[in-house]
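Observations on the model geometry
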Amino acid sequence: MKNKQSSVDDFLDLSSLLTGFDKVDLQGTGLAEIYRKEVLGIIGAQITTEIEKAGTAIYRKYRNREKLMEEAVRTEILSHAVLGPLAKNITSMWYLGVWNQMPQAWLDHVGIKQTAPSHVISADAYKESLVWRVVGSHPPGAKQPGYGTWSLPPKTR
Amino acid sequence: MKEDNYDVVIVGAGIAGAILAKELTEKKKRVLLLEAGKASDDYLSYLEVFYTALAKVPNSPYPNNPNAPSQNVLNLGPIPAGAPNLNGYMVQYGPVPFGSDYTRVSGGTTMHWLGHSFRMLPNDFKLHSKYGHGVDWPISYDDLKPFYEKSEWEIGVSADVEDQIYPGMGNNFFGKNYYYPMKSLPASYLDQKVAGGINGMKVKLGKNAYPLSVITTPQGRNSTPNKGYKPIGASWDNNIGQRCEGNSNCVPICPVQAKYNALKTLNKADQKYLTVINQAVASNLIIDPETNRIKGVTYKQYQSAQSSDHTSHTVQGKIFVIAAHAVETAKLLLASSAANSSDLVGRCLMDHPTMLTWGLMPEDIGSYRGPGATSHIPTFRDGAFRKEHSAFIVPVDNWGWLWGEFSPGSDVTRAINQLNLFGKKLRGYLDGFVSRQFGLQFEFEQLPQHANRVTIDPNYLDQLGNYRPVVHYDISDYTRAAMEAAKGVSDMIFAKLGVEDYTELQPRRYRLSPMERGQAIHSRAQGIWSALIAWERTNQIRSLTKTRNHGITKTCTSSDRAACRLLELPILR
Ligand SMILES: Cc1cc2nc3c(=O)[nH]c(=O)nc-3n(C[C@H](O)[C@H](O)[C@H](O)COP(=O)(O)OP(=O)(O)OC[C@H]3O[C@@H](n4cnc5c(N)ncnc54)[C@H](O)[C@@H]3O)c2cc1C
Ligand code: SF4
């Protein structure tokens, strides 16, 4: 039972908690595996596994119980000295398609000497950045909505 | 010397050079076009570069080319007294940083222009006699009018004449039967809300009250064609980009080329008569000591932007046109000691300093959709207030706080890191906050000031040994007074619309940290001088042929530019 779930699925559980998007939406971006590889490559397997485990446990236990879920994420992930800053970075990666360089204090704390600078993960990451969906628009320069759409009332979301 | 002797040698494949190349080759003149940058046959690769650029500033899609460098707004910075800022390509002495840029690839700066295609007003040409400031032009609006028409048809401007009502336009601003080549683009939803709220509202400036109006903006992007016009699509496939698709990315790059760029004009030139040499940087003009006319151009040709290896060549021609952009044209003339008996070359550099104001509308206005701006407030383009301060135009921004705050990237970062939001609450917060974001741009006229100038200095050279532009630039009290007045106008508009003001008018930091660059996932420029953000319009109207006659190095918009160039054409007949 334990080993049945793939790690990408754990990553999706965690990502769904952090972003507020359903797993199917996140899966639909085609970026889950790419993002997970990115985190693994930059942060290493140990911490990545730790945050995925924490996330998937909360996701399974409290799914659809918003209040308890929020409580648990705050207690076990966000306020955790190692996992908190990483969780924030994973959230912003999904929202902006950008990996932000981890803060120096955090790197010192976990003992990482060299790390990736801030960068846009890929053209697709930019195009799929969730912020545009949330605000009812589209990433500038991609997924064009069509002539004259800007003159219509915004979509109800 | 190359053996070829061309009728006309043009330096620069921007809009000015391209229009000339087209018009001249149509008249069977043999034209050589020298272009410093790459040919833009690889437009789609620019788009890929744009997608992965951390800070999506105007020049982000275009190659960083040390052999034909251009300014990048990311290099702007405070200027310490006495010493220039050397961070970017421009050597900036200030005291105010010149906040604009230009693009050195085939197609030039229209690659990332916004496409707004305004005509100047009759009183702009008589500023001194009418309002006691600046200078009068040696030509009038009426002289330029037929060329505006021609260039609007060349660019492919979308607008309806009946909507275009400006102060001081007189009663024959448009010819009797004139129509633009394409119909107006629809005003955005938020434009409609703003127009509904402020149309007719009276705003006091000095002694007079001015009724506000919100009208659609003429712009060089494809909409529905009028009789006699065929929209021109992408340079690689005419079926693409026949209409604006709402990519909301006109600056820095339109993915489908629904927005005009000079490649479209260049493609129309009669290729039988046109020779183009790309990656050829003109570095010196050879002047015949007897006739005092230009008889040749020396250019440096390179194979790769990565290497400074190059060969030098000289070409001859009967007539030379330097259309290398206001800054580069001045540089080349200065480097060659050409046409400068007046000591006016490079002087009176102008921009249109911009002030942004921004706030939250009471309801979702669907920001971040459509072309940069589809409407504007023309009220302050002309009026008695020009005795006290400069005129300004006010585009209503469709792109929310993008420019002022790097939104929505910065909102995401703040919500996650400072507000400690995640999950559904994060979504809810961003939804409510971002789609209400509203912004106005106030773009100000600058007067010709001799001290605002481009010069050269042998201490500052680029990789090929060409001069870098050395820039002195300031904003006068006449323009600053308009900024004050404009803030008052903004306050009244915000009050009427119930906008919660978020404008931050303190000086802003210049340099972006890596984290901030991440936030700036799509920023046209970065905050500069007390929210005065100056983006380009550096155009000299003056050309080689006119240099000695008068002292205006007036900046003008692309359509002015095109019109000015066309005005000079008759000398070739
Ligand atoms: C962000 C931005 C937005 C803008 N939006 C608008 C707008 O909405 N409306 C408007 O009217 N204007 C706008 N402008 C201004 C407008 O784009 C420019 O005024 C116009 O494109 C200038 O045209 P040009 O042909 O004079 O110069 P450019 O378009 O700059 O062309 C000059 C050409 O010369 C080449 N060149 C330079 N040096 C050399 C050399 N030594 N040898 C050979 N070739 C050389 C360059 O590579 C380039 O191709 C905007 C500008 C910017 C930066
Ligand atoms: S809105 Fe989009 S399609 Fe239209 S001109 Fe701008 S970038 Fe091109």
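Residues numbered from 1 in each chain as written. Chains lettered and ligands numbered in written order. Predicted model: local features only at pLDDT ≥ 70, side-chain atom pairs only at ≥ 80, totals over all residues. Heavy atoms only, no water.

1. Topic: the site of ligand 2
Surveying the vicinity of ligand 2 reveals 13 residues, the closest of which are Cys244(B), Glu245(B), Asn247(B), Cys250(B) and Cys254(B). Within the shell around ligand 2, the residues separate by chemical class into six nonpolar, four polar and three charged. (Near = heavy atom within 4 Å. Nonpolar A, V, L, I, M, F, W, Y, C, P; charged D, E, K, R; others polar.)

2. Focus: the packing of aromatic side chains
Residue and element names in this part refer to chain B. Under the criterion given, the structure shown has 35 aromatic pairs over all chains. Summarising the aromatic geometry, the rings of Tyr 46 and Tyr 62 are spaced 5.2 Å apart at their centres and angled 70° between planes, so their arrangement reads as edge-to-face. Of this pair, Tyr 46 sits in helix α2 (residues 43-52) while Tyr 62 sits in the loop between α2 and β3 (91-95); the two residues are 16 residues apart in sequence, bridging distant segments of the chain. Given the relative accessible area of 3%, Tyr 46 is considered buried. Tyr 62 sits in the buried class, given a relative accessible area of 6%. Look at Phe 174 and Tyr 178: their rings are 6.3 Å apart centre to centre, the planes differ by 0°, and that puts the pair in the stacked class. Pair check on accessibility: Phe 174 and Tyr 178 agree, each one buried. Through a chain of ring-to-ring contacts, three or more aromatic side chains come together here, namely Phe 125, Trp 137, Tyr 141, Tyr 148, Tyr 166, Phe 173, Phe 174, Tyr 178 and Tyr 180. The positively charged end of Lys 56 is found above the aromatic ring belonging to Phe 50, 5.3 Å away from the centroid. (Phe/Tyr/Trp six-rings, centres within 6.5 Å; stacked < 30°, edge-to-face > 60°. Helix = DSSP H or I, 4+ residues; strand = E, 2+ residues; numbered from the N terminus. Buried < 20%, exposed > 50% of the residue type's maximum accessible area, 1.4 Å probe, protein only. Lys NZ or Arg CZ within 6 Å of the ring centre and 35° of its normal.)

3. With respect to unusual backbone geometry
For residues besides glycine, phi is generally negative; the peptide bonds are generally trans as well. Residues and elements named next belong to chain B. Here Gly 94 and Pro 95 are connected by a cis peptide whose omega angle stands at 10°. Relative to the assigned elements, Pro 95 resides in strand β3. Following Ser 407, the chain continues to Pro 408 via a peptide bond in cis, the omega torsion being -5°. Within the secondary structure layout, Pro 408 lies in the loop between α8 (402-405) and α9 (409-417). Residues other than glycine seldom take positive phi values, yet Phe 406 does so here, at roughly 60°. By the element assignment, Phe 406 lies in the loop between α8 and α9.

4. A few points about helix α4 (residues 45-62) of chain A
Structurally, the α-helix is built with 3.6 residues per turn, so residues lying three or four positions apart point the same way. All names here are of chain A. Between the first and last C-alpha of α4 there are 26 Å, a value that for 18 residues agrees with the 26 Å anticipated at 1.5 Å per step. Turning to α4, its buried residues are Ile 47, Thr 48, Ile 51, Glu 52, Ala 54, Gly 55, Thr 56, Ile 58, Tyr 59 and Tyr 62. On the buried face of α4, the contacting elements are α1 (7-19), α2 (23-28), α3 (32-43), α5 (66-78), α6 (83-96) and α7 (104-110). Backbone geometry just downstream of α4 places Asn 64 in the positive-phi region, at approximately 70°. (Expected span 1.5 Å × (residues − 1). Contact = heavy atoms within 4.5 Å.)

5. Description of the pairing of strand β10 (residues 310-322) of chain B
Residue and element names in this part refer to chain B. The pairing of strand β1 (residues 5-11) with β10 spans six bridges and is classified as parallel. Paired with Val 9 across the two strands is Phe 320, which belongs to β10. Here strand β9 (residues 294-302) runs beside β10; their pairing, made up of seven bridges, is antiparallel. Bridging across to β10, Lys 300 finds its partner in Ser 312. (Pairing = 2+ DSSP bridges.)

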